[in-house]
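Notes for the structure review
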Amino acid sequence: MKTKILAALTLAAPLFFTGAVSANNPQQVQKLLATGECIQCNLSGANLSGAHLIGADLRGANLQGANLEGANLEGADLTGANLAGANLESAFATNVNFKNANLNGVNFTSATILDSNVHGASMNNLNITNAEIYNTGIGIGGDSADIPDWD
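For clarity, every value in this text was computed on a predicted model and none was experimentally measured.

Rules behind the numbers
- Residues numbered from 1 in each chain as written.
- Predicted model: local features only at pLDDT ≥ 70, side-chain atom pairs only at ≥ 80, totals over all residues.
- Heavy atoms only, no water.
- Disulfide = S-S within 2.5 Å.
- Buried < 20%, exposed > 50% of the residue type's maximum accessible area, 1.4 Å probe, protein only.
- Phe/Tyr/Trp six-rings, centres within 6.5 Å; stacked < 30°, edge-to-face > 60°.
- Helix = DSSP H or I, 4+ residues; strand = E, 2+ residues; numbered from the N terminus.
- Salt bridge = Lys/Arg side-chain N within 4 Å of Asp/Glu carboxyl O.
- Polar contact = N/O pair within 3.5 Å; in protein donor to acceptor, adjacent residues only side chain to side chain.

A word on the state of the cysteines. Inspection of every chain in the model, using the stated rule, returns one disulfide. At a sulfur-sulfur separation of 1.8 Å, the disulfide partner of Cys38 is Cys41. An S-S torsion of about -90° defines the bridge between Cys38 and Cys41 as left-handed. You can call Cys41 buried: its relative accessible area is 3%.

This part covers the packing of aromatic side chains. Enumeration over the complete set of coordinates arrives at one aromatic pair. Taking the centre distance of 6.2 Å and the plane angle of 75° together, the rings of Phe98 and Phe108 count as edge-to-face. In this pair, Phe98 is assigned in the loop between strand 1 (92-94) and strand 2 (112-114) and Phe108 in the loop between strand 1 and strand 2, connecting sequence segments 10 residues apart. Taking the relative accessible area as the measure of exposure, Phe98 reaches 0% and is therefore buried.

Moving on, we come to the pattern of salt bridges. All told, the structure shown has two salt bridges when counted by the stated rule. The network of salt bridges with shared partners includes Asp57, Arg59 and Asp77.

What follows covers the environment of Asp115. Relative to the elements of secondary structure, Asp115 occurs in the loop between strand 2 and strand 3 (132-134). Here Asp115 falls in the partly exposed class, since its relative accessible area comes to 32%. When the C-alpha atoms of Asp115 and Thr136 are compared, they prove to be 5.3 Å apart, with 21 residues separating the residues in sequence. A distance of 3.0 Å separates polar atoms of two side chains, one belonging to Asp115 and the other to Asn135.

Okay, structure coming up:
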């Protein structure tokens, strides 16, 4: 009897420690959180709010509609990623590579975006209300030819 209870608790324990992190593909979320790498993963609709994704390699990942509210993306590589409609409210995005990413409809409300590369990124309908944006080519109006590229 005790072994059955112990076995049940062992199987259920990971469910208690995953917190609010979820996605359509939980294996890929766990891969990202365990290794910091999930190249071309399907993380659409993932709830990664408050996640520490420092230096994460998310090149070509599908994060469409993902919740990254309050996430720390410092030094993350999101080259060519699809973040259309993602929530990055209050996210910390310093030295992030958003090169050629789809940022259409991203909510950057109250986000901190410093020294990030947005060269070639699609940025229609961004919400940048109260965002702190420095040394990054995100603004209102202007020519995309003025956006510098890190590479």
